[in-house]
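Architecture and fold: a report
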Amino acid sequence: MQRKEILKQYTFKQYQSGPYAGYWWTLYDGKKKQSKDRKKLEAKIVKLHKNKDKVKKMTFKEVFDFDQEKQVKRVTDPDKRISRENTRTRHESTFKKYIAGTALENLDISKIDDNMLEDFLTTVNDPPIKKKEMDNLYTILNQTFIRAKKLKLISVNPLEYIDMYDFKESCLDISPPGERAFTKEQLQDIYKKVRQIEES
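Scope of this entry: the structure provided in the associated data block.

Cut-offs used in this document
- Residues numbered from 1 in each chain as written.
- Predicted model: local features only at pLDDT ≥ 70, side-chain atom pairs only at ≥ 80, totals over all residues.
- Heavy atoms only, no water.
- Helix = DSSP H or I, 4+ residues; strand = E, 2+ residues; numbered from the N terminus.
- Buried < 20%, exposed > 50% of the residue type's maximum accessible area, 1.4 Å probe, protein only.
- Contact = heavy atoms within 4.5 Å.
- Areas by Shrake-Rupley, 256 points an atom, 1.4 Å probe, with all protein chains shown as cover.
- Pairing = 2+ DSSP bridges.

Observations concerning the overall build of the protein chain
- Tallying secondary structure elements over the protein chain gives eight helices and three strands in all.
- When the elements of the protein chain are put in sequence order from the N terminus, they spell out α-β-β-β-α-α-α-α-α-α-α.
- Per-residue burial over the protein chain gives 36% buried out of 200 residues.
- Taking the intrachain contacts of the protein chain between residues at least 6 apart in sequence as the baseline, contacts between residues at least 24 apart amount to 60%.
- Element-wise, carbon and sulfur atoms account for 49% of the exposed surface of the protein chain, whose accessible area totals about 13400 Å².

With respect to the pairing of strand β2 (residues 24-28)
- Buried residues dominate β2, accounting for four of its five residues.
- The pairing of strand β1 (residues 13-14) with β2 spans two bridges and is classified as antiparallel. Its bridge partner lying in β2, glutamine 14 is registered against tryptophan 24.
- Pairing analysis gives five bridges linking β2 to strand β3 (residues 31-35), with the strands arranged antiparallel. Bridged to tryptophan 24 within β3 is serine 35.
- Between β2 and β3, which follow one another and run antiparallel, lie two residues, and aspartate 29 among them has a positive phi close to 55°.

As for the sheet that holds β2
- Spatially, three strands are ordered β1-β2-β3 in an open sheet, and the strand pairing comes out antiparallel. Single-partner strands in this sheet number two, and they are β1 and β3.

Structural measurements only, silent on function.
See the structure below:
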């Protein structure tokens with residue numbers, strides 16, 4: 001936004017009497033800002049306004065990574081932390097399988113709406129995936145958006161407008177025997193994280 005456009009939003013007045021006679025002032029966010037020099041006051045208002053417009057941005061992946069790290073760090077009990085690491089490994093595997101490489105991964109999380117999510121889930125579920133996989137995907141999507149709300153990156157969780165029942169109903173009920181356990185890569189990640197915890 002240009003300087004003139006910003007300043008049009010404010011009314012500048014000058015004290016006519018009292019200890020601040022001659023000073024210029026205006027209201028910014030309900031608080032008085034003042035200066036002897038009108039140009040200095042205008043420059044201050046423009047700077048404040050521009051800084052306010054610089055909203056913090058994070059991609060979906062950045063919020064996901066931040067949330068996963070936070071989930072693990074808050075657990076201090078060694079046994080419970082191992083369980084949390086296992087959960088993190090599953091979530092990262094689900095992310096890699098369904099979200100990595102899609103438009104969702106590196107998109108500013110504040111730009112993601114329910115229509116975009118519905119298209120994403122429709123694509124993911126064609127052909128149908130297992131219900132358990134859809135549950136895992138829903139969990140990491142929901143946790144990531146909840147974290148984004150806590151970080152004040154978004155005001156509404158777009159997943160709340162998605163009818164997950166419809167998606168789950170079209171999923172596969174049973175997993176093939178070979179897919180009912182951790183993969184070799186997942187187990188290696190778990191063992192590595194367990195050793196790190198034991199050595200710390």
